[in-house]
Amino acid sequence: NVAIRVISLVAVLGAWEYIGRQINPVLFTYPTAVARAATLMIASGELWKYLSQSLVVLFAGLALSALFGIALGLVMARFWVIDIALDTYITALYSIPSVALVPVLVLWFGFETSAKIVVVFLFTFFPIVINTYQGVKNVDAHLIEVGRAFRCREGQLWAHIVLPAALPFIVAGLRLAIGRGLIGMVLADLFTAITGIGYLISRYASIYRTDAMFVPVVTLGVLGITLTSILRLIERRVAPWMHQSDKE
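Just so we're clear, the structure is a prediction, and the values are computed from it rather than from any experiment. (Residues numbered from 1 in each chain as written. Predicted model: local features only at pLDDT ≥ 70, side-chain atom pairs only at ≥ 80, totals over all residues. Heavy atoms only, no water.)

> Describe the environment of Q22, listing the residues and the values that go with them.
Within the element layout of this structure, Q22 appears in the loop between α1 (2-21) and α2 (31-44). Owing to a relative accessible area of 54%, Q22 belongs among the exposed residues under this scheme. Here Y18 takes part through its backbone oxygen, which lies 3.0 Å from a polar atom of the side chain of Q22. (Helix = DSSP H or I, 4+ residues; strand = E, 2+ residues; numbered from the N terminus. Buried < 20%, exposed > 50% of the residue type's maximum accessible area, 1.4 Å probe, protein only. Polar contact = N/O pair within 3.5 Å; in protein donor to acceptor, adjacent residues only side chain to side chain.)

Written out as structure tokens, the structure is:
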């Protein structure tokens, strides 16, 4: 697996380097130019200065959406009255492009960090709710029956049957939320106060420094891969049975 990924990465970077050198640097760039720009931005502290601002927003928004999203998904799946009452609103809000609500959120919450956190929360909340709900609904009814036959209390059913069975869906929702959270983080930077990683992209694009502009873009990709990898490691620790087939 590692060899395949390394070969794929080398092939993609090689093709990008060759094609990028044939195009006007104002319009496109290539990996070695991006690496040079990244070295300068890291050495000056510029990249970390603006990235740290965005990371605070991202982690706060993801934490809140995970907390409330998983809780609401569990409650909706457990109580049919709440499910019927909220399902229409969840579906409607998820169907609306989140970016369309950003200007309204700016009017309500202003241009400070709180507005950015709300934007990230809005982008990440619904995948977690929907996947958690589907995970609980897809628990094998026979497992529930066996638990009740052994006189398991409601809390024991959830702790030992429902949550472990729904965990793959919850993790899938968190993975989707990471990608959407990165998008929301950049949009929050652009639509609210021009700070954070979105500011770097906007600033260097406006002066046609394509090589420097690609540094925060590539950073976002690396950040997404890193967060997803960390989530997989946590998943292996708390739910090792989900990866038993990988070892066989």
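> Any chance you could break down the pattern of salt bridges for me, citing the residues and the numbers?
In total, this model carries four salt bridges according to the counting rule given. One salt bridge connects E17 with R21, and the closest N-O pair in it is separated by 2.8 Å. With a gap of four residues between them, E17 and R21 both fall in helix α1, about one helical turn apart. For R21, a relative accessible area of 48% corresponds to the partly exposed category. Between R209 and D211 there is a salt bridge whose closest N-O contact spans 3.1 Å. (Salt bridge = Lys/Arg side-chain N within 4 Å of Asp/Glu carboxyl O.)

> Give a description of the packing of aromatic side chains that names residues and reports values.
Applying the stated rule across the entire model yields seven aromatic pairs. Where W16 meets F28, the ring centres are 6.5 Å apart and the plane angle is 40°; that geometry is what we call tilted. In this pair, W16 sits in helix α1 while F28 sits in the loop between α1 and α2, placing the two residues twelve residues apart along the sequence. Relative to F126, the ring of Y94 has its centre 6.1 Å away and its plane inclined at 45°; by these criteria the two rings are tilted. Residue Y94 is located in helix α4 (residues 80-95), and its partner F126 is located in helix α6 (residues 113-137); the two are separated by 32 residues in the primary sequence. Owing to a relative accessible area of 38%, Y94 belongs among the partly exposed residues under this scheme. In this structure, R78 packs its charged tip against the face of F79, placed 5.1 Å from the ring centre. (Phe/Tyr/Trp six-rings, centres within 6.5 Å; stacked < 30°, edge-to-face > 60°. Lys NZ or Arg CZ within 6 Å of the ring centre and 35° of its normal.)

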